[in-house]
Amino acid sequence: MKSLRVNIPSREYNIYIENGLLNRCGELISEIFGGEKIAVVTDSNVFPLYANTVEESLEKSGFNVTVITVPAGEKSKSHKYLGFLYDELLKFGITRTDLIVALGGGVVGDLTGYAAASLLRGIPFVQIPTTLLAQVDSSVGGKVAVNLPQGKNLVGAFYQPKLVIIDPLCLKTLSPRVLSDGMAEVIKYGAIADEKLFETLENVRDTDDLFEKLGGIIYECCDIKRRVVEEDEHDTGGRMVLNFGHTFGHAIEKKYNYETYTHGEAVGAGMVMACGFGEKIGLTPQGTALRMTDILKKYDLPTEIEIGKDELTQAMAVDKKGDGSMISLILLGKIGRAVIKKFAKDEVRGI
Ligand code: GLY
């Protein structure tokens, strides 16, 4: 079993990665939790696939388990379903010495994590991510949140899980589009921090080859995220590199009402724009945008999405990485090395 230790002082935790780990989650959770009750939160897509396996494994280890299911989709990341979770968790009689498990993709992880962070001023929680995006990104690092009508992730916390259990076999049931969605974030890790990983992704032959390599690829991505989060848990500096392609990507998501394109698709096109911008100002080597385009195509991700200057400007105005008239953009010094650069917003408008 591959494992990583996230060393955030007083909130250290392990990430375990191996095919079939879902069947062993009871035993793994026993290592870090000596209480009695566990509430598993999942969604209506994941419930029929994996809830039984997880429940059985937890019960075999002697825990008293309940499973709470929310509808699949972004709409569940709301105060309505946060209230629903609070109700169900309290009905189960949860206390601060019990445990909550998030079993699902990014929506379930973020919603459950925020419920765990806020109910009774904090209940320990474990992440069992079942999508590629959640396995390489949202389950690690403690960002938990719900959306507001005014925008995504506007209410949240930094609340680290006690353990992350990653079973790459879960990815076998993802649709090709959801798998590609996660691949955009995987490509991002190669681009910002690891040229070898980028090359591995360029050289993957087909889906079978990808699945053979996926355990190792997920490990490399989590290791990069671990390093970044250890240095800057609260996202005030270096953690920004994880947002490579995201300023442009968020503008695209917003313009298309978060409906037409997935997060990964928007970020993919955003990474091409960021490479192009870097090339234009002489920071990024010529040809990088083309290399990015090629790898995105290989994973069936769009490389160019229509977005107007106004939408871009608006998105930059509210970007969390902005400060007044300046914005920090994440660009590439080369594939494998991200650079954080500050620009006047007007300069970026001219791209
Ligand atoms: N998903 C970006 C971060 O965790 O900072």
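Provided above is the structure to which this section pertains.
Residues numbered from 1 in each chain as written. Predicted model: local features only at pLDDT ≥ 70, side-chain atom pairs only at ≥ 80, totals over all residues. Heavy atoms only, no water.

Visitor: For this particular structure, what's the right way to read the packing of aromatic side chains?
Guide: In this description, a pair of aromatic rings is defined by centroid distance and the angle of the planes. Scanning the model with the defined rule gives five aromatic pairs in all. Aromatic side chains Phe-125 and Tyr-159 sit 5.8 Å apart centroid to centroid with 10 degrees between the ring planes, which places their arrangement in the stacked category. Separated by 34 residues along the polypeptide, Phe-125 in strand E6 (residues 125-129) and Tyr-159 in the loop between strand E8 (151-158) and strand E9 (163-166) bring together distant segments of the chain. Pairing Phe-277 with Phe-343 gives two aromatic rings, centres 5.2 Å apart and planes at 70 degrees, and the pair type is edge-to-face. Of this pair, Phe-277 sits in helix H10 (residues 263-280) while Phe-343 is found in strand E12 (residues 337-344), placing the two residues 66 residues apart along the sequence. On the accessibility criterion, Phe-277 (5% relative accessible area) is buried. Phe-343 gets classed as buried once you look at its relative accessible area, which sits at 6%. Geometry around Phe-211 places Lys-172 over its ring, the cationic atom sitting 4.5 Å from the centre. (Phe/Tyr/Trp six-rings, centres within 6.5 Å; stacked < 30°, edge-to-face > 60°. Helix = DSSP H or I, 4+ residues; strand = E, 2+ residues; numbered from the N terminus. Buried < 20%, exposed > 50% of the residue type's maximum accessible area, 1.4 Å probe, protein only. Lys NZ or Arg CZ within 6 Å of the ring centre and 35° of its normal.)

Visitor: Just to check I follow, could you spell out the site of the ligand for this structure?
Guide: Around the ligand, the surrounding shell consists of Asp-137, Lys-143, Lys-225, Arg-239 and Leu-242. The separation between a nitrogen atom of the ligand and a polar side-chain atom of Asp-137 is 3.0 Å. Within the side chain of Arg-239, one N or O atom sits 2.7 Å away from an oxygen atom of the ligand. Partitioned by chemical class, the residues of the shell around the ligand number one nonpolar, no polar and four charged. (Near = heavy atom within 4 Å. Polar contact = N/O pair within 3.5 Å; in protein donor to acceptor, adjacent residues only side chain to side chain. Nonpolar A, V, L, I, M, F, W, Y, C, P; charged D, E, K, R; others polar.)

Visitor: Honestly, helix H8 (residues 207-231) in this entry has me stumped. Any pointers?
Guide: Since the α-helix packs 3.6 residues into each turn, any two residues three or four apart lie on the same face. With 25 residues, H8 ought to run about 36 Å at 1.5 Å a step, and its terminal C-alpha atoms sit 34 Å apart, in line with that. Most pronounced at Leu-214, the bend in H8 amounts to some 50 degrees. Where H8 begins, the capping side chain belongs to Asp-206, and its oxygen is found 3.2 Å from the backbone nitrogen of Asp-208. (Expected span 1.5 Å × (residues − 1). Bend = angle between axes of the 7 residues up to and from the residue.)

Visitor: Even after reading the chapter, I still don't get the sheet that holds strand E5 (residues 99-104), so can you show me in this structure?
Guide: Pairing between the strands of a sheet comes from backbone hydrogen bonds, and it takes one of two forms, parallel or antiparallel. One open sheet holds the seven strands; their spatial order is E1-E2-E9-E6-E5-E3-E4, and the pairing between them is mixed. With partners counted over all chains shown, the strands left at the sheet margins are strand E1 (2-6) and strand E4 (64-70), one partner each. For this sheet, the mean angle separating the axes of adjacent strands, direction not counted, is 15 degrees. Pairing of strand E2 (residues 13-17) with E9 involves four bridges; the strand directions are parallel. Of the residues in E9, the one forming a bridge with Tyr-16 is Ile-165. Lying on the sheet, helix H2 (residues 47-60) is in contact with strand E3 (37-43), E4, E5 and E6; it crosses E4 at an angle near 165 degrees. Contacting E3, E4, E5 and E6, helix H4 (residues 106-118) runs over the sheet at an angle of about 165 degrees to E5. (Pairing = 2+ DSSP bridges. Axes fitted to C-alpha atoms, helices over the stretch in contact; angles between N-to-C directions. Contact = heavy atoms within 4.5 Å.)

Visitor: Which parts of the structure should I look at to understand the nonpolar core?
Guide: The nonpolar side chains of a soluble globular protein tend to be buried, and buried together. Counting residues in each nonpolar core, the largest one holds 71 residues, and the members touching the most others are Ile-15, Ile-187, Leu-201, Ile-218, Phe-244, Met-292 and Tyr-299. Discounting residues that sit within four places of it in the chain, Tyr-299 has contacts with Ser-180, Met-183, Ile-187, Leu-201, Val-204 and Leu-210. Of all hydrophobic cores here, the second largest spans 23 residues; its members include Cys-25, Ile-38, Phe-63 and Leu-163. (Core = buried A, V, L, I, M, F, W, Y, C linked by side-chain atoms within 4.5 Å.)

Visitor: Please clarify how the pattern of salt bridges should be interpreted in this entry.
Guide: Here the idea is simple: oppositely charged side chains can pair when their charged atoms come close. Scanning the model with the defined rule gives 20 salt bridges in all. With its nearest N and O atoms 2.8 Å apart, the salt bridge here joins Asp-235 to Lys-143. Taken as a pair, Asp-235 in the loop between H8 and helix H9 (246-255) and Lys-143 in strand E7 (residues 143-148) lie far apart in primary sequence, 92 residues in all. Overall, Lys-143 belongs to the partly exposed group, its relative accessible area being 35%. (Salt bridge = Lys/Arg side-chain N within 4 Å of Asp/Glu carboxyl O.)

Visitor: How should I be thinking about H9 in this particular structure?
Guide: With respect to burial, H9 is a largely interior element, seven of its 10 residues being buried. Of all the residues in H9, the buried ones are His-246, Thr-247, Phe-248, Gly-249, Ala-251, Ile-252 and Glu-253. Two residues or fewer after H9 comes Asn-257, characterised by a positive phi angle close to 55 degrees.

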